[in-house]
Amino acid sequence: MMSKVATLCYLLAAAYATKFVSSFTTPTLQSKTTATTSGNNQGQNYNLALDLLLHPLRYSLYQPNVSSRINTFLQSQTTQADVTNTGTTTTIPDIIGTVALLVPSSDQPSKFGSKSPVQPPSYREAAEQLARKIKQFSDGRIAAQVVTPSDVDTSSVLNSNALIALGLTTPQDVQFLSRTFRQRRTAGEEEQSSKMCQFAVDCGDNNYAPIVGPYDEANPSVVSEIAPWSDVASGKRLATQMKDLFDKQTSDEFALALMLFFNRFIDKIPWVQHSIDVTWEKGLGNVEEIYNMVTKCGPCITKCLADENCKACIEALDEIDTRDQVASYRTVVSYESELLRDFSLCILQKNNIFGCTAEVPKIPHVKPLGSFRGEEMTKDIAKGIMIGHLEGCGDAALEGCKELDVSWKVACGANVAYDQFPSQNQLFYPSAKGDSMWYDPVFRVETIDGRNVWCKRHYRVRNEKVPGTFRFSVLDNGVTSDEFWTIVDVAEDLSWIVFHYAGAAGAVGQRYIGGLLCTPDGTLPPESEMEKIWDVLRSAEIEPWELFVVDNDDTSPGALEAGPPPLDFYRKTASVIG
């Protein structure tokens, strides 16, 4: 699978120097920025960086000390969470909050799964998977329950921290929704609770005035407009962001929206805890981060400001929340270059300016395939399965290898950020030294400005203790990614394979999970095989409607524009580098 990270920082020092200087300057600072180095713009760029350093301070010094509110209205469920098996230890995570997913009394098709190979799920089916996804993204610390207006017990719609209504349109359901939202709003006002959230998604033209923390769209406060550092202003910004994520109708982005709410107003959620953006929520923390960037990576800032491609990437990243992996990853691969890679290597990987950490997710726990062709799985067999159909691998390949220019092609994938790119080629091959392998994903990107280009990555692959599991690592655009891969199942004739992966990029605080269905030519397997494959994916807690079908058509206009894929870019030198 392709790498994930490098979304990050091709921005900060340069981004905020460029943006903030243009939007907010003072006579004093303006006079300082006039000093330039003769013959080049190095002095000007450093002064822009200085303005970047001081900009948040102008507001942070006036930030009031807003005391945290104590929640007395919404009580977290005391039900014990599911046991999490990490492979070595068994833990029971503490529940920090609850979510109620309110779906129609009479089930009907949802808008989820529009790019999948199957029919859209019903709202109930979608909500049941969303509840699992919420558990995965929160490490089991947020409990989610699916409810309908006709259920005997609907108490969770009033008692949960977050209530998300999905697809309620009948008069009876709408009446229940309106009454419930009013009751929650009244209770929240009485208790002055900031630990509640409610949204209506696909419930007709009325959005029912969402609530996010202390921000209530039905009762807007002037504070949200005049005090951008306040909790209510933070809630307003988050309300807009959450609505945009909900409207995308994918399970990843739906769960992300809720993680952002819980992280901001209830407790830290490792999935979204870290941000490399300058935000009002960080307050004076912005100043320390920017000072460290300028003092530790000044030359990188200067070079980035002077390069049009780097500057364009910065401006694009500056418009998004970099915790949104869908938007940030597409932006980075649209502008990636050696300059951007060096910039992120300095700021993120070498100096970890933002103090980010991230661990590979342990939920769900996916069981690897235990046997193949009647034999117990071994590391050699697993290696042969990974090699798949790649030519020139000798005895490491298994019987049935088609001797192609790729091991596998991705037919469909289950991560919204990374598995919807077209023309996804996978090359697995043995290292020239030792028992490790190389993995080279080569994929096509439709860039933000409409170009079609090839991207490539080069992973080191090492065996994990259990055969059929692997540890992947890559330095991607200056940031190291660590991934855990599992062979979930494979056809005995090597006509298809299902992978599951979980990964993290500690230097940027990103975590991710997903799954892949791959075939020799990138087309879906025969219909007769699909039901078995769907069950395999469900064993990894992936529903078929979460998949994104990959366009592997070599004759499409985009593929023709990009030209032949550079499949052997790394492999031709692998014998030299090991």
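This is a predicted model, so every value here is computed, not measured.

**Structural notes on the overall build of the protein**
Then, number 1: For the protein, the count of helices and strands is 18 helices and 20 strands.
Then, number 2: Sequence separation of 24 or more characterises 67% of the internal contacts of the protein that already satisfy a separation of 6 or more.
Then, number 3: When the accessible surface of the protein is summed, it comes to about 24,000 Å², and 49% of that surface belongs to carbon and sulfur atoms.

**Observations regarding the sheet that holds strand 3 (residues 97-102)**
Picture the strands of a sheet paired through backbone hydrogen bonds; they go either parallel or antiparallel.
Then, number 1: Taken in spatial order, the 6 strands make up an open sheet running 4-3-5-6-7-8, and their pairing is mixed. Where the open sheet ends on each side, the last strands, each with one partner, are strand 4 (142-147) and strand 8 (215-216).
Then, number 2: Here strand 6 (residues 197-201) pairs with strand 7 (residues 211-212) via 2 bridges, running antiparallel. Following the sheet pairing, C197 is matched in strand 7 by V212.
Then, number 3: Across the sheet, helix 4 (residues 123-137) lies against strand 3, strand 4 and strand 5 (162-166), angled at about 175 degrees from strand 4, the strand it touches most.
Then, number 4: Its contacts with the sheet place helix 6 (residues 171-191) against strand 3, strand 5, strand 6, strand 7 and strand 8, and it is angled at close to 160 degrees to strand 6.

**Section: the packing of aromatic side chains**
Then, number 1: Within this structure, the stated rule accounts for 24 aromatic pairs.
Then, number 2: Seen from their ring centres, F428 and Y439 are 4.4 Å apart, and the 10 degrees between their planes marks the pair as stacked. Taken together, the residues F428 in strand 12 (residues 425-430) and Y439 in strand 13 (residues 437-446) connect sequence positions 11 residues apart.
Then, number 3: Judged by relative accessible area, which is 0%, Y439 ranks as buried.

**A word on the environment of L567**
Then, number 1: Inspection of the secondary structure assignment puts L567 in the loop between helix 17 (557-562) and helix 18 (574-577).
Then, number 2: Separated by 142 residues in sequence, L567 and N425 have C-alpha atoms that sit 7.9 Å apart.
Then, number 3: Residue contacts for L567: discarding those within four places in its chain leaves D405, V406, N425, L427 and V442.

**Re the state of the cysteines**
Then, number 1: Inspection of the entire model under this criterion finds 2 disulfides.
Then, number 2: What pairs with C297 in a disulfide is C346, and their sulfur atoms sit 2.0 Å apart. The disulfide joining C297 to C346 has a torsion of about -95 degrees about its S-S bond and is therefore left-handed. Here C297, found in the loop between helix 10 (285-296) and helix 11 (298-306), pairs with C346, found in helix 14 (residues 338-350); they are 49 residues apart in sequence, far enough to count as distant. For the pair C297 and C346, one class covers both residues: buried.
Then, number 3: A disulfide bridge connects C304 with C310, and the sulfur atoms are separated by 1.8 Å. Residues C304 and C310 are joined through a disulfide that is left-handed, its torsion about the S-S bond being -80 degrees. Across the pair, exposure class does not vary: C304 and C310 are buried alike.
Then, number 4: Shown here for the protein is a disulfide pattern of 1-4, 2-3, where each number marks a bonded cysteine counted in sequence order.
Then, number 5: Free of any disulfide, C300 has its nearest neighbouring cysteine sulfur in C346, separated by 4.3 Å.

**Let's talk about unusual backbone geometry**
Then, number 1: At the junction of I363 and P364, the peptide bond is cis and its omega measures out at 5 degrees in the coordinates.
Then, number 2: The residue P364 is located in the loop between helix 14 and strand 9 (371-372) in this model.
Then, number 3: Even without being glycine, D139 reaches a positive phi, approximately 60 degrees.
Then, number 4: Looking at the secondary structure, you find D139 in the loop between helix 4 and strand 4.
Then, number 5: Here the phi dihedral of L494 falls at roughly 60 degrees; this positive angle occurs in a residue that is not glycine.
Then, number 6: With respect to the secondary-structure elements, L494 resides in the loop between strand 17 (479-490) and strand 18 (497-505).

**Quick look at the nonpolar core**
Soluble, globular proteins show a tendency: their nonpolar side chains are buried together.
Then, number 1: In this structure, I385, F428, F472, W485, I487 and F499 are the most contacted members of the largest nonpolar core, which totals 52 residues.
Then, number 2: At 6 residues, the largest contribution of residues to this core is made by strand 13.
Then, number 3: Listed in part, the 47 residues of the second largest apolar core include F112, I142, L258 and V272.

**A word on the pairing of strand 5**
Then, number 1: In terms of burial, strand 5 is largely enclosed, as 5 of its 5 residues are buried.
Then, number 2: Burial along strand 5 is two-sided: the residues A162, I164 and L166 and L163 and A165 are all buried.
Then, number 3: Handedness of the β-α-β unit built from strand 5, helix 6 and strand 6 comes out right-handed.

**Some details on the pattern of salt bridges**
Then, number 1: On inspection of all chains with the given rule, the structure shows 25 salt bridges.
Then, number 2: A salt bridge links R141 to D267; the nearest nitrogen and oxygen atoms lie 2.9 Å apart. Note that R141 is positioned in the loop between helix 4 and strand 4 and D267 in the loop between helix 9 (251-265) and helix 10, a separation of 126 residues in sequence.
Then, number 3: According to the relative accessible area criterion, D267 is partly exposed, its value standing at 33%.
Then, number 4: We note a salt bridge from R457 to E336, for which the minimum N-O separation is 2.8 Å. Taken together, the residues R457 in the loop between strand 14 (452-456) and strand 15 (459-463) and E336 in the loop between helix 13 (325-335) and helix 14 connect sequence positions 121 residues apart.
Then, number 5: For E336, a relative accessible area of 26% gives the class partly exposed.
Then, number 6: Overlapping salt bridges bring together R132, E531, D535, R538 and E543 as one network.

**Structural notes on the side chain of S328**
Then, number 1: By the element assignment, S328 lies in helix 13.
Then, number 2: Reaching out from S328, the side chain makes a polar contact with the backbone oxygen of D324 at a distance of 2.9 Å.

**A few points about the environment of E541**
Then, number 1: Along the polypeptide, E541 turns up in the loop between helix 16 (527-539) and strand 20 (548-549).
Then, number 2: Look at E541 and you get partly exposed, because its relative accessible area is 27%.
Then, number 3: Not counting the four nearest positions on each side in its chain, E541 is found in contact with Q129, R132, Q136, P364 and E546.

**Section: the confidence of the model for the protein**
Then, number 1: Confidence along the protein averages 85 in pLDDT terms, with 83% of residues attaining 70 or more.
Then, number 2: The low-confidence segment residues 1-88 (pLDDT under 50) makes 217 contacts with residues lying over four places distant or belonging to another chain.

What counts and how
Throughout, a residue's number is its position along its own chain's written sequence, starting from 1. The model is predicted, so local features are restricted to residues of pLDDT at least 70 and side-chain atom pairs to those at 80 or more, both for listing and for counting; the totals for chains, interfaces and linings are taken over all residues. Excluded from the side-chain calculations are hydrogens and water; all other atoms, namely the structure's heavy atoms, are used. Only DSSP runs of H or I with at least four residues qualify as helices, and only runs of E with at least two residues qualify as strands; both kinds are numbered from the N terminus onward. We call two residues contacting when some pair of their heavy atoms lies within 4.5 Å. Only the protein chains shown count as cover for residues, and the accessible areas themselves come from Shrake-Rupley with a 1.4 Å probe. One requirement defines pairing of two strands: DSSP has to find at least two bridges between them. Inter-axis angles, ranging from 0 to 180 degrees, are taken between N-to-C directions of lines fitted to C-alpha atoms, where helices are fitted over the stretch in contact. Pairing of aromatic rings covers Phe, Tyr and Trp, the last through its six-membered ring, and needs centres within 6.5 Å; plane angles under 30 degrees mean stacked, over 60 mean edge-to-face, and all others mean tilted. Accessibility here uses a 1.4 Å probe with only protein chains present; expressed as a share of the type maximum, an area under 20% marks a residue as buried, one over 50% as exposed, and anything in between as partly exposed. Any two cysteine sulfur atoms lying within 2.5 Å of each other are counted as a disulfide. Within this scheme, the nonpolar core is defined by two criteria: the residues are buried Ala, Val, Leu, Ile, Met, Phe, Trp, Tyr or Cys, and they are joined through side-chain atoms within 4.5 Å. Here a crossover is taken to be right-handed if, once the strands point away from the viewer, the path from the first strand over the helix to the second is traced clockwise. A carboxyl oxygen of Asp or Glu within 4 Å of a side-chain nitrogen of Lys or Arg is what we treat as a salt bridge. Polar contact is the term for a pair of N or O atoms within 3.5 Å; when the atoms are in protein, one must be able to donate a hydrogen and the other to accept it, and sequence-neighboring residues count only if both atoms are side-chain atoms. A score from 0 to 100, pLDDT tells how confident the predictor is in each residue.

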